[in-house]
Amino acid sequence: MEHLLGTGVSKGIAIGSVLVKKENSSDFLKKSITDVAYEWNRFLKAKEVGKQQLEVLVQQSREAIGEDEAQIFEAHILILEDEELANLIKIQIDNQKKNTEWAVHEAAEHFAVMLEGLEDAYLKERAHDIRDVAARLIRILSGADKQEIPVLEEPCIIVARDLMPGEMIHINKELVMGIITEAGAKTSHTAILAKAMGIPAIVGAEGILGKVKDHEIIVFDGEFGSIFICPEKNVLDQYKQKLESMNSQKKELEGFKDKASVTKDGIKVELFGNMASIAELPGLIENGAQGIGLFRTEFLYTTQASAPTEEEQFEIYKHTAEKLQGKTVIIRTLDIGGDKEIPYLGLDKEENPFLGCRGIRLCFDNIEIWKVQLRALLRASIYGDIKIMLPMISVMEEVRKAKEIICEVKAELKNSGIAYNEKLEIGIMIETPAAAVLADAMASEVDFFSIGTNDLIQYTLACDRMNPKISNLYSQFNPSVLRLIKHIIDTGHEYGIKVGMCGEAAGDARLIPLFVGMGLDEFSMNTSALLEAKKTVTQISKQEMSEVVPEILRLKTTNEIEKYLCNLA
Ligand code: PEP
Ligand code: MG
């Protein structure tokens, strides 16, 4: 038995057999060959395997995300079966007497470069798809395809160096009992997605890949980060018991589904949901989300080879608004950069990506892409209570510039006779200390605030949210962070606007009483946190909590505050 500690990021006990996901790689060697028939045969076989993989992806994305996303992989199948591509690969093998990997690369580049030279923006973008298909074939040919998450046949715990958001979306929730990665920290997107999908997960488990093999038994606790490889019987029994008691707790929480989220002294508290993919919507509604407080739109951009069209986005926003039947849907415009990347944007590598061109900064640099999103959002705004939220605001000029651009897009729509909600609210995320300090000025120019604690903590404490080495410093119980939060809420209220919270802290049952006491108007969280949050709300009195807020904010250390709040619970 071996014991390891990582950062628990998605609650739950997982007991099961390991499936190691190794690194993806499409590197290959250029080799001379003599047997051209053999190389051609290798291509034909790889093509068949590639087709099978893509068919699975079509199916998975259709179920998990939607028809539009499934079409990306359908298009890849068409590329794979393209005769011209196959002919050119054959010519490369026959004439150049080089290995299939190289022939595939050369042929794909030929077509990709040709497409890139065209005027038509849509066809230009197809170059990415051809390169994607070629990379898949090369992975298969070089045996690296086994390194992707294979099609699962039985329940397992995935152990990986890291999982990309695109890979997470394709995970089969029914069969993946848990996820452990070496990289990442509490609020990396792998962690957020695992939580949203209700899969127990640990990140930052350094060195685990060197310690486990496929099919070995692992037990882990997704809350506390404890991992046991090949556990002894007593440990296994102990965790089985824990799992059983968690299951009965889960049952108890189910009873809160239809209860109102009202405090003991009769104050209604709005509990909203965060969504990072369209697949999460039914779960949020089922668990009683009273609105969507954060619709992370990044998945629309990261799960396909090119930027989503206005029409694709419009359909998704409209669908979400309609499903919410008039309840609020706060859609955050593209927040890429930091730990989230989009290959087709060709972003420069930055020394400090979290302090670099991310969020609204990046949208201003890619204004056409942003305007497409704004058009889609405005068009969808007549189908429900959609609100626009701007991420990563740090200075007033950004708020003003963003509002000007939104006005421009509105004018364009008006000139074309396209309807939108004239009263659509525009809010900002308060996730930088600069925005928090300037909350009074910001509040006078926007309709609402939503506190993004994930980033607010990292920027306030100068502590990278992705770095496991300093994860002890990164805490939502930190007094500086909590004082800032109080300041944001008070200032927002002074200026008559609503203040919500959509960072992970909003779903932390230990902190909810404090935030209720501070007067936070709306809490937005992952599906898995909704019912426990409701239970917490029904057990506290807002009046009593507001009386202890000053006492809590006088405490000087993270530990003191955490201890105080845990004793309250
Ligand atoms: C946040 O920073 O708190 C937030 C909700 O945004 P994200 O986690 O997507 O950066
Ligand atoms: Mg953020």
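Read on for a plain summary of the structure. Being a predicted model, the structure only gives us computed values, none of them experimental.

The subject of this paragraph is the sheet that holds strand β11 (residues 328–332). The parallel closed barrel is built from eight strands, whose spatial order is β9-β10-β11-β12-β13-β14-β15-β16. Going from strand to strand, the sheet's axes swing by 25° on average, the running direction of each strand aside. Where strand β9 (residues 270–275) lies against strand β10 (residues 292–296), three bridges are found, and the strand directions are parallel. Within the sheet, the bridge partner assigned to asparagine 274 lies in β10 and is leucine 294. Packing of helix α20 (residues 527–539) onto the sheet brings it into contact with β9 and β16 (522–525), and relative to β9 it is tilted by some 170°.

Counting residues in each nonpolar core, the largest one holds 96 residues, and the members touching the most others are Tyr317, Leu390, Phe449, Ile485, Phe515 and Phe523. In terms of residues, this core owes the most to one element, helix α14 (residues 396–415), which gives seven residues. Apart from the residues within four sequence positions on either side, phenylalanine 515 is in contact with Leu482, Ile485, Met501, Ala505, Leu520 and Phe523.

All right, on to the packing of helix α11 (residues 310–323) against helix α13 (residues 367–380) then. Relative to each other, α11 and α13 sit at 40°, their axes nearing to 8 Å. Helix-helix and strand crossings are classified by hand; for α11 and α13 the assignment is right-handed. Together, Glu310, Glu311, Gln313, Phe314, Tyr317 and Lys318 of α11 and Val372, Gln373, Arg375, Ala376, Leu377, Arg379 and Ala380 of α13 make up the contact between the two elements. Its residues assigned to classes, the contact of α11 with α13 shows six nonpolar, two polar and five charged.

Burial within strand β5 (residues 176–181) is extensive, with five of its six residues counted as buried. In this sheet, β5 lies alongside strand β4 (residues 156–160) in parallel orientation, the contact comprising five bridges. Bridging across to β5, isoleucine 157 finds its partner in glycine 178. Where β5 and strand β6 (residues 201–203) come together, two bridges link them in parallel fashion. Residue pairing across strands places isoleucine 180 opposite isoleucine 202, the latter belonging to β6.

The strand order β1-β8-β7-β3-β4-β5-β6-β2 describes an open sheet built from eight strands, whose pairing is mixed. Sheet topology places β1 (2–5) and β2 (7–10) at the edges, where each strand pairs with a single neighbour. Direction aside, neighbouring strands of the sheet carry axes that sit 30° apart on average. By the bridge criterion, five bridges tie strand β3 (residues 13–21) to strand β7 (residues 217–221) in an arrangement that is antiparallel. Paired with serine 17 across the strands is isoleucine 217, a residue of β7. On top of the sheet, helix α8 (residues 233–254) reaches β3, β7 and β8 (226–229); it is set at about 115° to β3, its chief contact.

Reading the values: rules and limits
- Residues numbered from 1 in each chain as written.
- Chains lettered and ligands numbered in written order.
- Predicted model: local features only at pLDDT ≥ 70, side-chain atom pairs only at ≥ 80, totals over all residues.
- Heavy atoms only, no water.
- Pairing = 2+ DSSP bridges.
- Helix = DSSP H or I, 4+ residues; strand = E, 2+ residues; numbered from the N terminus.
- Axes fitted to C-alpha atoms, helices over the stretch in contact; angles between N-to-C directions.
- Contact = heavy atoms within 4.5 Å.
- Core = buried A, V, L, I, M, F, W, Y, C linked by side-chain atoms within 4.5 Å.
- Buried < 20%, exposed > 50% of the residue type's maximum accessible area, 1.4 Å probe, protein only.
- Left-handed = near helix turned anticlockwise from the far one by under 90°.
- Nonpolar A, V, L, I, M, F, W, Y, C, P; charged D, E, K, R; others polar.

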